[in-house]
Amino acid sequence: PNKAVLLESIQSNYLAISRPVQAAKPVILIIVDEYNSPNNLFELTKDSSIYSFNSWLKEKGWQTKTTNYSYELSTIHSLSSLFNFNLSQKKTYSAQSEEKIVVSKLYHAALADSLVKKGVSIYNYGIFDLGNTKPKSRLYLYPRNFIEAFLLHSTYLAEKTKTGSFQTKYLKNPPSYISDHNIVILDHLPSRLEEEKLPNKAFVYVHLYMPHNPFSLEPEFTNQETDNFKRYVAYWKFANQKLQALLSELNKGNKYRIILTGDHGLRESITNSPLSFSAYYGFEGYDLDKIRSVQDIGSLVNSAYH
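Not measured: the values here are computed from a predicted model.

Caption draft 1: Broad picture of the pattern of salt bridges. Tallied over the full model, the rule gives 7 salt bridges. A salt bridge links E194 to K255, with the shortest nitrogen-to-oxygen separation between them at 2.1 Å. Of this pair, E194 sits in helix α9 (residues 175–196) while K255 sits in the loop between α10 (228–250) and β5 (257–262), and the two are 61 residues apart along the sequence. Take E194: its relative accessible area is 42%, and that puts it in the partly exposed class. The exposure class assigned to K255 is partly exposed, which follows from its relative accessible area of 34%.

Caption draft 2: Broad picture of the pairing of strand β4 (residues 202–208). Within β4, 7 of the 7 residues are buried, which leaves it mostly tucked inside the rest of the structure. In β4, alternate side chains face the same way, and those of A202, V204, V206 and L208 on one face and F203, Y205 and H207 on the other are all buried. Inspection of the sheet shows strand β1 (residues 27–32) paired to β4 by 6 bridges, in the parallel sense. Each residue of the ladder has a partner; that of I28, found in β4, is V204.

Caption draft 3: The arrangement of the pairing of strand β3 (residues 121–125) in detail. Counting buried residues along β3, 4 of its 5 residues qualify, which places the element largely inside the surrounding structure. Bridge count for β3 against β4 is 5 bridges, and the pairing is parallel. Its bridge partner being in β4, I122 is matched across the sheet by F203.

Caption draft 4: Summary view of the packing of aromatic side chains. Here the structure, examined in full by the defined rule, presents 12 aromatic pairs. Consider the rings of F83 and Y205, whose centres lie 5.3 Å apart with planes at 80°: the pair is edge-to-face. One end of the pair, F83, is in the loop between α3 (75–82) and α4 (98–106); the other, Y205, is in strand β4, and 122 residues separate them in sequence. You'll find F83 and Y205 in the same group, each marked buried. One aromatic cluster is present, formed by F215, F221, Y232, Y235 and F238 through successive ring pairs. Taking the ring centre of F42 as reference, the NZ or CZ of K46 above it sits at 5.8 Å. For R257, the ring lying beneath its charged end belongs to F283, and the centroid distance is 6.0 Å.

What counts, and at which threshold
- Residues numbered from 1 in each chain as written.
- Predicted model: local features only at pLDDT ≥ 70, side-chain atom pairs only at ≥ 80, totals over all residues.
- Heavy atoms only, no water.
- Salt bridge = Lys/Arg side-chain N within 4 Å of Asp/Glu carboxyl O.
- Helix = DSSP H or I, 4+ residues; strand = E, 2+ residues; numbered from the N terminus.
- Buried < 20%, exposed > 50% of the residue type's maximum accessible area, 1.4 Å probe, protein only.
- Pairing = 2+ DSSP bridges.
- Phe/Tyr/Trp six-rings, centres within 6.5 Å; stacked < 30°, edge-to-face > 60°.
- Lys NZ or Arg CZ within 6 Å of the ring centre and 35° of its normal.

So, in structure tokens, the structure goes:
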């Protein structure tokens, strides 16, 4: 029989990334959930417009990886690995339970610990706890305490999660909770960050629950396609339009260094893809050459501060 492996015994594969001392700028990490590689989508669709967003990014001075491998096809495993300097290179990591990962590798994330020791302020606009910071929305089903761990696979916890702790306005239409989270990020993140008056040594974790299903952004976008893959591609393209507008606002004044990345590709039978995408603004090419997977990005974030 297989022997259980303790999560704490798994060592990370930390990348040593060093850089000349530069003027400090806040770093924003934007996760686009289940964002599939453009190269992979083009192979499946033969639609050249797939590359429109990538071309726009490059014109604006971004460096992109149209295929970036992810060791994980689960968001919570992918992100917790990124926040701990690529634990996913250990084959046993993806077998760890979600509740164990939350307690050991999100509440006590190595990246968060390192940043705090460097005097970096962490701002959480995500869907997971990161160190001592709470997420903007807990859209992902994971337990925070013993009772929730006990009820992990129950209808109670599932309903609590998708209704924002049973908020009345979401009880009749739970998916709107996801739309509201995405809309706040897409429409208000730049102004919210201005209001925060970020110090130069700031790290901002942002999570967009798109182009992940339910493939809608109420009331702006509803998808009438019946084929699930076509629905995904349509929403993927729509997400690119929204990202282009968001990044245009964030780039005004050249105030931030920004990382945009998927956590993994589309978990659909036609692809079931570990191939995602990432783009970088304000980072050196020689640093990016060391990034071999989505989960290596945590080391890049850490290297941005001294």
